Amino acid sequence: MSLIKLYGMPMATCTMRVLLCLEEVGAKYELVPISMPTGEHKSPAHLARNPFGQIPALEDGDLTLFESRAIARYVLRKFKGQGPDLLKEGNLSESAMVDVWLDVEAHQYNPAISPIVYQSLILPRMYGGTPDQSIIDTNLEKLKKVLDVYEARLSKSKYLAGDFFSLADLSHFSYTKYFMATPYASVFDSYPHVKAWWEDFTSRPAFKKVAAGMGGHQ
Amino acid sequence: MAIKVYGLTLSNNALRAIAVLNEKGLDYELCPVDLQSGAHKKPEFLALNPFGQIPVVQDGDEIIFESRAITRYIATKYKESGADLLPDNSAKFETWLQVESSQFYPAISAINFELLIKPMIGMTTDMSNVEKQAEKLSAVLDVYEAHLAKNKYVAGDVFTLADLNHMPEVFLLLKSPKAELITSKPHVKAWWDDISARPAWKKTAASIPV
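Residues numbered from 1 in each chain as written. Chains lettered and ligands numbered in written order. Predicted model: local features only at pLDDT ≥ 70, side-chain atom pairs only at ≥ 80, totals over all residues. Heavy atoms only, no water.

### A word on the overall build of chain B
Within chain B, the secondary structure is distributed over 10 helices and 4 strands. Sequence-ordered secondary structure for chain B, helices as α and strands as β, is β-α-β-α-β-β-α-α-α-α-α-α-α-α. Computed over its C-alpha atoms, the radius of gyration of chain B comes to 17 Å, within 12% of the 17 Å expected for a compact globule of 210 residues. Overall, the C-alpha framework of chain B stretches about 45 × 45 × 25 Å when taken along its three principal axes. Counting across all 210 residues of chain B, residues that qualify as buried make up 59%. (Helix = DSSP H or I, 4+ residues; strand = E, 2+ residues; numbered from the N terminus. Rg over C-alpha atoms; globule rule 2.2 N^0.38 Å. Buried < 20%, exposed > 50% of the residue type's maximum accessible area, 1.4 Å probe, protein only.)

Here it is as structure tokens:
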């Protein structure tokens, strides 16, 4: 069986989403670096893998996939039984809740947290730019409203989709990890259940391993 | 008890849920949510969706929000009813389902909101935002054009949920001054002409007040 190849970077948020799944299920894979600064993600070779010119992309034998959430689902289905069941596709009630909170991460949480990470970390560190405080402030208010809902949810269930850890929780890791390196990390202190949830699942071995691979970018 | 859909037939996201129910030939009750009066922020609605957004679907004891979670749930639970929208274990299907959500939806929904919704609710269209989003959408649709030149539907040879999830936004865009973003691309237009001719879609489209 040929080795799974993941094209991406170990400190890139969407690549990390897939790395976490591969590590959780104990899959053997090779991480093939794609250099964004040299424009490798827009090279013909990479566009053949991902026509949107983004990372990650995954090759498994003859199959090529892109979009980290699609790749995550593929990996978790392929290695089902080998690692923890993070999709719960055998139980429609449970899998529906995984899907709900996966989309909450994509459409409610991420749009609030990623501009804060971009303005306060990526823009100054990678592009030498100045953070736009008004963007940060507007999105902090949005994030707090989202965290209000998360706090209520996580006081009723241990994890987002229910009392089981799932892809929905995992999907939050990379942007939140970067957020914790911004000056605004203490926002989470006002949400005790959210904070406990974060500390719980980030102590899983797969998360420690992927965090270590971020190489000082956190 | 019939499936309940909390939403409006003007809402892009609620239409996704309605479209899948029509494809499955399922009976449902549309429970309108009066957004103008703030009904979606009242406690009774927040008990259904704590994020205060439509649609929400109630199916027996299940209460589901986020339109794409809803469409996947309906397509899975009622797989044997109406058209089968889920190919078994297709990597291309999962990829293009996600492409709609991450690449296509942000730009097209922004354009539709600016051009169609804002005038209805007494807000002013931001034309510079429209142009910015139109540029993004055009680049995304270039990829779709190449993809649909080799694939009849986004996931391959058959119509699936991956096509259906696109439909409300395309319908709305075609009613706007930016319709040419779709109509100028021959394979994208041919794809739309095919999928919008489906009887279930015609039923959905007839309910859209635009």
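### A closer look at the nonpolar core
Formed by 136 residues in total, the largest nonpolar core has its most connected members in Trp101, Tyr150, Leu167 and Phe179 of chain A together with Tyr144 of chain B. The element contributing the most residues to this core is helix H4 (residues 92-127) of chain A, with 13 residues. Each residue touching tryptophan 101 of chain A, except ones within four places of it in the same chain, is listed here: Val149, Tyr150, Arg153, Leu160, Ala161, Ala168 and His172 of chain A together with Phe51 and Phe65 of chain B. (Core = buried A, V, L, I, M, F, W, Y, C linked by side-chain atoms within 4.5 Å. Contact = heavy atoms within 4.5 Å.)

### Digging into the side chain of asparagine 151 of chain B
Residue and element names in this part refer to chain B. When you line up the elements, asparagine 151 lands in the loop between helix H5 (127-150) and helix H6 (161-164). Asparagine 151 sits in the buried class, given a relative accessible area of 9%. One polar contact links the side chain of asparagine 151 to the main-chain carbonyl oxygen of histidine 147, over a distance of 2.9 Å. In this view, asparagine 151 contacts Lys92 and Gly156; residues no more than four positions away in its chain are not counted. (Polar contact = N/O pair within 3.5 Å; in protein donor to acceptor, adjacent residues only side chain to side chain.)

### Here we look at the sheet that holds strand S4 (residues 62-65) of chain B
Two pairing modes exist for strands in a sheet, parallel and antiparallel, and in both the strands are linked by backbone hydrogen bonds. Residue and element names in this part refer to chain B. Spatially, the 4 strands line up as an open sheet ordered S2-S1-S3-S4, and their pairing is mixed. On the outer flanks of this sheet lie strand S2 (28-32) and S4, each paired with one strand and no other. On average, adjacent strands in this sheet sit at an angle of 20 degrees to one another, irrespective of strand direction. Pairing of strand S3 (residues 56-59) with S4, which is carried by 4 bridges, proceeds in the antiparallel orientation. Across the sheet, residue aspartate 59 finds its bridge partner in S4, namely glutamate 62. Sheet strands in contact with helix H3 (residues 67-77) are strand S1 (3-7), S3 and S4, and its direction is about 135 degrees off that of S4. (Pairing = 2+ DSSP bridges. Axes fitted to C-alpha atoms, helices over the stretch in contact; angles between N-to-C directions.)

### Section: the sheet that holds strand S1 (residues 4-8) of chain A
Residues and elements named next belong to chain A. The strand order S2-S1-S3-S4 describes an open sheet built from 4 strands, whose pairing is mixed. Each of the sheet's edge strands pairs with one partner strand only, and the pair in question is strand S2 (29-33) and strand S4 (63-66). Pairs of neighbouring strands in the sheet enclose a mean axial angle of 20 degrees, with direction left out of account. Bridge analysis of strand S3 (residues 57-60) against S4 gives 4 bridges, and the strand direction is antiparallel. Within S4, the position partnered with leucine 58 by the bridge is leucine 65.

### A word on the UniProt feature "domain: GST N-terminal" (unreviewed entry) in chain A
Per the UniProt annotation, the sites labelled "domain: GST N-terminal" (unreviewed entry) are residues 2-83 of chain A. Span residues 2-83 of chain A is 37% helix and 22% strand, its end C-alpha atoms 20 Å apart. (UniProt positions renumbered as here; feature names shortened; annotations may be inferred.)

### Re the packing of helix H3 (residues 68-78) of chain A against helix H4 (residues 91-120) of chain B
For the pair H3 of chain A and H4 of chain B, interaxial distance at closest approach is 8 Å and the crossing angle is 150 degrees. With respect to their mutual orientation, H3 of chain A and H4 of chain B come out roughly antiparallel. H3 of chain A and H4 of chain B meet at a crossing whose hand is right-handed. Note on element contacts: H4 of chain B touches H3 of chain A through Ala91, Glu94, Thr95 and Gln98 of chain B, opposite Arg69, Ala70, Arg73, Tyr74 and Arg77 of chain A. A per-class count over the contact of H3 of chain A with H4 of chain B returns 3 nonpolar, 2 polar and 4 charged. (Parallel < 35°, antiparallel > 145°, perpendicular 65-115°, else oblique. Left-handed = near helix turned anticlockwise from the far one by under 90°. Nonpolar A, V, L, I, M, F, W, Y, C, P; charged D, E, K, R; others polar.)

### Remarks on helix H1 (residues 13-25) of chain A
Residue and element names in this part refer to chain A. Between its first and last C-alpha, H1 extends 19 Å over 13 residues, near the 18 Å set by a 1.5 Å rise per residue. Looking at H1, one finds that the buried residues are Thr13, Thr15, Met16, Arg17, Val18, Leu19, Leu20, Cys21, Leu22, Glu23, Glu24 and Val25. Directly after H1, the chain includes glycine 26, whose backbone phi takes a positive value near 70 degrees. (Expected span 1.5 Å × (residues − 1).)

### Describing helix H5 (residues 133-154) of chain A
All names here are of chain A. Under the 1.5 Å per step criterion, the end-to-end length of H5 is 30 Å for 22 residues, consistent within 8% with the ideal 32 Å. Along H5, the residues that are buried comprise Ile136, Asn139, Leu140, Leu143, Val146, Leu147, Val149, Tyr150, Glu151 and Leu154. The inward-facing, buried residues of H5 contact H4, helix H7 (173-179) and helix H8 (192-201).

### A look at the packing of aromatic side chains
When we look at a pair of aromatic rings, we describe it by the centre distance and by the angle of the planes. A complete count under the given rule lists 23 aromatic pairs over all chains for this structure. The interplanar angle of 55 degrees and the centroid separation of 6.0 Å between the aromatic rings of phenylalanine 52 of chain A and phenylalanine 66 of chain A together place this pair among those described as tilted. In this pair, phenylalanine 52 of chain A sits in the loop between helix H2 (44-49) and S3 while phenylalanine 66 of chain A sits in strand S4, placing the two residues 14 residues apart along the sequence. With relative accessibility at 10%, the residue phenylalanine 52 of chain A sits in the buried group. With centroids separated by 5.7 Å and ring planes inclined at 75 degrees, the aromatic side chains of tyrosine 159 of chain A and phenylalanine 165 of chain A adopt a geometry described as edge-to-face. Each member of the pair, tyrosine 159 of chain A as well as phenylalanine 165 of chain A, is classed as buried. Taken together, the aromatic side chains of Trp101, Tyr109, Tyr150, Tyr159, Phe165, Phe173, Trp197, Trp198, Phe201 and Phe207 of chain A together with Phe51 and Phe65 of chain B make up a single cluster linked through ring pairs. Lying over the aromatic face of tyrosine 7 of chain A, arginine 49 of chain A brings its terminal NZ or CZ to 3.8 Å of the ring centre. Seen from the ring of phenylalanine 159 of chain B, arginine 198 of chain B lies directly overhead, with NZ or CZ sitting 3.7 Å from the centre. (Phe/Tyr/Trp six-rings, centres within 6.5 Å; stacked < 30°, edge-to-face > 60°. Lys NZ or Arg CZ within 6 Å of the ring centre and 35° of its normal.)

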